[in-house]
Amino acid sequence: DSVDVLKSAGQRSSLQRKLLILILSNLLTTMRQEKPFRVQLEAFRLSVGDKLEAKKYINQLEEYASKGIPTTLSLLKRLVSIDSNLQTREGLKGSGLIQGALIELRSLVKIRKLKDSGDKSIPKSIDAAIVALQNNNLKLAINHMKQLELTSINEVKFWLDEAQSLSNLESIIPKLES
């Protein structure tokens, strides 16, 4: 009789582990699709029981659950758009027919400096952030964008907030999976 009870408890424990893995997988899939994940996070919270460490990470994810977290690819697309918008703004500061032609030319051709001149020009910092994202180095991209003195521009501020949320997620996921 006691052997049957132990066997039943072992099967229940195995089933609970499998269910936890399934719920975590569902949570991660939803997150990677940039969708809100409040329901999946709540299911995960219920499945972890009294595990304090898991609850700590769940609480950290709570602030992102209602809106979702962007992927590196969507952050890259937004950054390219910000770069284009900032260059257009810079071009609009001048006026006249020649300036308009230069704006059109800049939209067709991208000119980059080859040597580091030490300045923090807008194109150089954003280009460096774009390259960092293309190489899957989110933290470096964030650092390049923080070097810009443009964090008061809403679209840059929004991008930094979104990038930081993805960076936080990237540090939490391995801890949840373990």
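Please refer to the structure higher up on the page.
Here is a short report on the structure shown in this document.

Cut-offs used in this document
- Residues numbered from 1 in each chain as written.
- Predicted model: local features only at pLDDT ≥ 70, side-chain atom pairs only at ≥ 80, totals over all residues.
- Heavy atoms only, no water.
- Helix = DSSP H or I, 4+ residues; strand = E, 2+ residues; numbered from the N terminus.
- Contact = heavy atoms within 4.5 Å.
- Core = buried A, V, L, I, M, F, W, Y, C linked by side-chain atoms within 4.5 Å.
- Buried < 20%, exposed > 50% of the residue type's maximum accessible area, 1.4 Å probe, protein only.
- Arc of directions from axis to C-beta.

1. Details of the overall build of the chain
When its secondary structure is counted, the chain shows eight helices and zero strands. Residue pairs in contact within the chain that sit at least 24 positions apart in sequence constitute 63% of those at least 6 positions apart.

2. Side note on the nonpolar core
Among the nonpolar cores identified, the biggest contains 41 residues, and Phe37, Phe44, Met145 and Trp159 are the most heavily contacted of them. Secondary structure elements with two or more residues in this core: α1 (2-32), α2 (38-48), α3 (52-65), α4 (72-93), α6 (122-134), α7 (138-147) and α8 (154-177). It is α8 that provides the largest number of residues to this core, a total of nine residues.

3. Remarks on the environment of isoleucine 69
In this structure, isoleucine 69 sits in the loop between α3 and α4. Classification of isoleucine 69 by relative accessible area gives buried; the value is 2%. Each C-alpha atom, one on isoleucine 69 and one on alanine 163, is 8.7 Å from the other, the two residues being 94 residues apart in sequence. When near neighbours in sequence (up to four residues on either side) are disregarded, isoleucine 69 contacts Met31, Glu34, Phe37, Tyr64, Ser165, Leu166 and Leu169.

4. Digging into α7
For α7, every residue scored as buried is listed here: Leu138, Ala141, Ile142, His144 and Met145. The buried side chains of α7 occupy one side of the element, clustering within an arc of 160° when seen end-on.

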